[in-house]
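Understanding the architecture of this molecule
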2 protein chains.
Amino acid sequence: MARWTTGFDFGLGLGARVRTSPYFDATVQAGVTHFTVYNHMLLPLGYGDPKAEYRRLTETAAVWDVAAQRQIELAGPDAAPLAQLLATRDIGRMSIGQGKYVPMCDHHGRLVNDPLLLRAAEDAYWFSIADNDVLLWARAVAYERGCDVEVTELDVAPLAVQGPRAEDVVAALLGEAVRKVGFFRFQAFSVDEIQMLVGRSGWSKQGGFELYLLDPSRGTELWHAVMAAGASFGAGPGCPNSIERMESGLFSLRTDAPDDADPYEVGLGKWVDLDGDVEFIGRKALEEKRRIGLTRELVGLIIEGAAAPPAIRPWPAEADGKPVGTVRAAAYSPRYQRNLGIAFVDVPANEPGTVLAIDAEGERRTATVVPLPFDAQTMG
Amino acid sequence: MARWTTGFDFGLGLGARVRTSPYFDATVQAGVTHFTVYNHMLLPLGYGDPKAEYRRLTETAAVWDVAAQRQIELAGPDAAPLAQLLATRDIGRMSIGQGKYVPMCDHHGRLVNDPLLLRAAEDAYWFSIADNDVLLWARAVAYERGCDVEVTELDVAPLAVQGPRAEDVVAALLGEAVRKVGFFRFQAFSVDEIQMLVGRSGWSKQGGFELYLLDPSRGTELWHAVMAAGASFGAGPGCPNSIERMESGLFSLRTDAPDDADPYEVGLGKWVDLDGDVEFIGRKALEEKRRIGLTRELVGLIIEGAAAPPAIRPWPAEADGKPVGTVRAAAYSPRYQRNLGIAFVDVPANEPGTVLAIDAEGERRTATVVPLPFDAQTMG
């Protein structure tokens, strides 16, 4: 088996507690070697050749089993007001089929999740969630307030097609009409009577689509249909890519910051609507946080030395000999030809140019703080 | 690497999103080969020799890193009333240091979690949770009701010592006084100034203790201290054991039943206190469920044929050619010298003696329903 990282190579114990995705059999057939667990479901993390998978994503098209990105549906007369309570943005003017990236906060302004919210029907909203139990959170709020709404986790399974040729792949599969689907817009499509909602979205900046499969029994068929449509464009299996997402400045919940972080600290402040009068959970706490200003912040790092190993756990970071936070992710970037890192640090160590001493699994390294997102011009 | 099961052997991708336990370095040094992810933390599942690990648990003593069994603390003036709202049992007379197994349900009577609840102080209750985000659930209820309480996940890390010699091991480590700790009772102990709460508890029926380490920076030291104390009793590394727990009739949340199951359906009805007048979330729905009676139930299975592979996902089960539910776990039992299974089936397929046809990863097998817990006398 391909080693995940120097020094650590563990197997994954399997059992019904951790769910398999509707694409599981197809990914096994395609040679998946590594998984993680995400929303209590297996999420493929590698097919044995990380370099080829990165190239596929950035040069042709990569097909990702992201069924673990579960859909939490609010359905019923109170779906809209409940969705608004749970999101920190004004969602009052969403049309059916429209998606919005909406941070969710708790009553103290701590980030709960950062889903893509889709208005799926007049009275139905779907939160496409990162890795925690929004189902429990949304149910508790709904039931405690007596909302007239059903809160359920749908058995809908996103398959992402990402990369510069993704649109060609999806058009070959679903027809030219799919090219007209706008960013964060979703429309119904089908192939061989496999029904899906298709949106221009996905956790990369390479462009692409997510195919929300509505009937999980057809996962294997959909996977093979996408692969067949994509073959001539160089499409192949891939996974949410920890390098590309850093290069592109995409936030990773639970990876990048501790559980008590707020949206301002992790760069999501622009999706908190405090200027209007929309009411949502956490608004008061967020107003106070905005007034006080940052005490911690997510920053970029340029890490010196040979190709950095992945941070399998937060690495301690010091400035002037004092602990200032942790490095949460690290990788060698083909795009920038340097080691990039993501760190969550105390003010003022967030100042660009601050030099940090980091402990990378016992190896001491030097890193320099840069703004996020990474940008060749600000990287010096 | 040791194969986990015929046909499937996957690596685990690592990253800061999934937390390492305070015992991680020690378990790596001890030769851990497999992990799962539990409460967003790595949980060891094997050290390469399942038979030796089973024997250790049932004949001497096994040391388990169960730090992933996180502690959700309610602290403050409203801790006691909030804990009562969240638990389906009367917890009004719990003394400090006392533990109780308490199912938690949502407002519709669906099981949310089945933690061991510990009254840790006058105004502090700890839920030692199975695998989901009780933190979000408890916070939503607390904040929506305006409770005067702090709800946090503590960085407390249980280390379990389980098996017939567990008491000897723990006494060698902590002194003879620990032998007087009663079942589900917790007391403060320390060794080399490593502070912990120690309870007679754990997810096996072999007897044993859980050492709740209070300072996570001392995990490696505690692990080695326990191993040194246990060496002469044959103690060694182990993990929550999927075979022993079936033999002993212990419930596994998310493994054994779908997310919408209620406590009656999974054999936890005796821990739902409807006869008194204590108010808790879900009470009304549970009264209605009790009145209506069961429509589905968790049952035991005796599975024919050669040693059963583990059920890495629910296996379809049929009775008289009709789907009646799924098999959730399976294993060859050294204690009963048969294949055991756990299935969640519709009434009346829960009747002992019902013959099921099951699809074990493509292999058709016959199984017979027996009552839970397994018992040599009722197994025929």
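Quick caveat: nothing in here was measured; it's all calculated off a predicted structure.

Quick word on the overall build of chain A
When helices and strands are counted, chain A shows eight helices and 22 strands. Its C-alpha radius of gyration of 21 Å places chain A within 12% of the 21 Å reference for a compact globule of 380 residues. Within chain A, counting contacts between residues at least 6 apart in sequence, those at least 24 apart form 64% of the total. Between the centroid of the 37 positive side chains of chain A and the centroid of its 51 negative side chains there is a distance of 3 Å.

What about the interface of chain B and chain A?
Each side of the interface is counted separately: chain B has 52 residues, and chain A has 51 residues. Counting each side, the surface lost to burial between chain B and chain A is near 5100 Å², with a carbon and sulfur contribution of 58%. There are eight salt bridges connecting chain B and chain A. Where A:E144 meets B:R145, a salt bridge forms, and the shortest distance between an N and an O atom there is 2.5 Å. Linking chain B to chain A there are 29 residue pairs in polar contact (both at pLDDT 80 or more). Elements that contribute at least two residues to the side of chain B that touches chain A include exactly β1 (11–12), α1 (24–29), β2 (34–38) and α4 (134–144) of chain B. Sorting elements by how many residues they give to the side of chain B that touches chain A places α4(B) first, with seven residues. Broken down by class, the residue content of the side of chain B that touches chain A amounts to 26 nonpolar, 12 polar and 14 charged. Bridge count between strand β2 (residues 34–38) of chain A and β1(B): two bridges; the pairing is parallel. When the bridges of β1(B) are listed, A:F35 appears paired with B:L12.

A few points about the packing of helix α4 (residues 134–144) of chain A against α4(B)
A packed helix pair is summarised by two numbers, namely the angle formed by the two axes and the spacing between the axes. Two elements in contact, α4(A) and α4(B), have axes separated by 8 Å at closest approach and are oriented at 25°. Considered as vectors, α4(A) and α4(B) are oriented roughly parallel to each other. α4(B) is crossed by α4(A), and the crossing has right-handed handedness. Mapping the contact onto sequence places A:L136, A:W137, A:R139, A:A140, A:V141 and A:E144 in α4(A) and B:L136, B:W137, B:R139, B:A140, B:V141 and B:E144 in α4(B). In the contact of α4(A) with α4(B), the residues fall into eight nonpolar, no polar and four charged.

Overview of the relation of the copies chain B and chain A
When chain B is fitted to chain A, the best match, at an RMSD of 0.0 Å, comes from turning it 180° and sliding it 0.0 Å along the axis. The superposition of one copy onto the other is thereby described by a two-fold rotation axis. It is B:G11 whose C-alpha, among those of chain B, lies nearest the rotation axis, at 2.2 Å. The residues that chain B uses at the interface reappear at the interface of chain A in 98% of cases, marking a shared surface.

A short note on the pattern of salt bridges
Residues and elements named next belong to chain B. Enumeration over the complete set of coordinates arrives at 58 salt bridges over all chains. One salt bridge connects R93 with D90, and the closest N-O pair in it is separated by 3.9 Å. For R93, a relative accessible area of 72% corresponds to the exposed category. Note on D90: relative accessible area 25%, which makes it partly exposed. With a shortest N-O distance of 3.4 Å, R296 and D260 are connected by a salt bridge. With R296 in strand β17 (residues 296–303) and D260 in the loop between α7 (242–247) and α8 (283–292), the pair connects residues that are 36 residues apart, well separated along the chain. The exposure class assigned to D260 is partly exposed, which follows from its relative accessible area of 38%.

Considerations on helix α6 (residues 219–230) of chain A
An α-helical turn contains 3.6 residues, so a residue and the one three or four places further along point in the same direction. The end-to-end C-alpha separation of α6(A) is 16 Å, in line with the 16 Å expected for 12 residues at 1.5 Å each. Those residues of α6(A) not exposed but buried are A:G219, A:L222, A:W223, A:A225, A:V226, A:M227, A:A229 and A:G230.

A short note on the packing of aromatic side chains
A complete count under the given rule lists 16 aromatic pairs over all chains for this structure. Judged by centre distance (6.5 Å) and plane angle (50°), the rings of A:Y336 and A:F374 are tilted. Taken together, the positions of A:Y336 in the loop between β19 (322–333) and β20 (338–346) and A:F374 in the segment after β22 (363–370) put the pair 38 residues apart, joining distant regions of the chain. Exposure remark for A:F374: the relative accessible area of 5% places this residue in the buried category. Taken together, the ring pairs connect A:F10, B:F24 and B:F35 into an aromatic cluster.

Description of the confidence of the model for chain A
All names here are of chain A. Taken over all residues, the pLDDT of chain A has a mean of 96, while the share at 70 or more is 98%. Here residues 1–6 is a poorly scored stretch, pLDDT under 50, and it has 21 contacts once near neighbours within four places are set aside; other chains count. Here the complex is predicted with pTM 0.97, and the ipTM for its interfaces comes to 0.97.

Details of the sheet that holds strand β18 (residues 315–319) of chain A
Residues and elements named next belong to chain A. Reading around the barrel, the six strands line up as β17-β20-β19-β18-β21-β22 and close back on themselves, with antiparallel pairing between neighbours. Neighbouring strand axes in the sheet, compared pairwise and without regard to direction, differ in orientation by 40° on average. Two strands pair when backbone bridges link them, and strand β17 (residues 296–303) and β22 are joined in this way by four bridges, in the antiparallel orientation. Paired with I302 across the strands is T368, a residue of β22.

A short note on the packing of helix α5 (residues 166–174) of chain B against helix α6 (residues 219–230) of chain B
All names here are of chain B. Contact geometry for α5 and α6: axes closest at 8 Å, N-to-C directions at 115°. When the axes of α5 and α6 are compared, the pair comes out roughly perpendicular. Considering only the axes of α5 and α6, their crossing is right-handed. Here V169, A172 and L173 of α5 come into contact with α6, specifically with L222, A225, V226, A229 and G230. Here the contact of α5 with α6 is composed, by residue class, of seven nonpolar, one polar and no charged.

Brief notes about the nonpolar core
Ranked by internal contacts, the top residues of the largest apolar core, which has 172 residues, are A:L211, A:L222, B:L211 and B:L222. Ignoring any residue separated from it by four or fewer positions in sequence, one finds A:L222 in contact with A:Y23, A:L159, A:L173, A:V191, A:I194, A:M196, A:L211 and A:L213. Residues A:A140, B:I129, B:V141 and B:C147 belong to the second largest nonpolar core, which totals 60 residues.

Here we look at unusual backbone geometry
The omega angle of the peptide bond from A:L372 to A:P373 is -5°, so this bond is cis rather than trans. Among the secondary structure elements, A:P373 is positioned in the segment after β22. The omega torsion across B:V347 and B:P348 is 10°, close enough to zero to call that bond cis. The phi torsion at A:D320 lies on the positive side, around 50°, for a residue other than glycine. Note that A:D320 resides in the loop between β18 and β19.

Focus on the pairing of β17(B)
Side-chain positions along a regular strand alternate between the two faces of the sheet. Residues and elements named next belong to chain B. Extensive coverage of β17 is indicated by the burial of seven of its eight residues. One ladder, built from eight bridges, connects β17 with strand β20 (residues 338–346); its direction is antiparallel. For R296, the partnering residue across the bridge sits in β20 and is D346.

Parameters at a glance
Residues numbered from 1 in each chain as written. Chains lettered and ligands numbered in written order. Predicted model: local features only at pLDDT ≥ 70, side-chain atom pairs only at ≥ 80, totals over all residues. Heavy atoms only, no water. Helix = DSSP H or I, 4+ residues; strand = E, 2+ residues; numbered from the N terminus. Rg over C-alpha atoms; globule rule 2.2 N^0.38 Å. Contact = heavy atoms within 4.5 Å. Lys, Arg positive; Asp, Glu negative; His and termini not counted. Charge placed at Lys NZ, Arg CZ, Asp CG, Glu CD. Buried area = accessible area lost by both parts, 1.4 Å probe. Salt bridge = Lys/Arg side-chain N within 4 Å of Asp/Glu carboxyl O. Polar contact = N/O pair within 3.5 Å; in protein donor to acceptor, adjacent residues only side chain to side chain. Nonpolar A, V, L, I, M, F, W, Y, C, P; charged D, E, K, R; others polar. Pairing = 2+ DSSP bridges. Axes fitted to C-alpha atoms, helices over the stretch in contact; angles between N-to-C directions. Parallel < 35°, antiparallel > 145°, perpendicular 65-115°, else oblique. Left-handed = near helix turned anticlockwise from the far one by under 90°. Least-squares fit on C-alpha atoms with pLDDT ≥ 70 in both. Buried < 20%, exposed > 50% of the residue type's maximum accessible area, 1.4 Å probe, protein only. Expected span 1.5 Å × (residues − 1). Phe/Tyr/Trp six-rings, centres within 6.5 Å; stacked < 30°, edge-to-face > 60°. pLDDT = per-residue confidence, 0-100. Core = buried A, V, L, I, M, F, W, Y, C linked by side-chain atoms within 4.5 Å.

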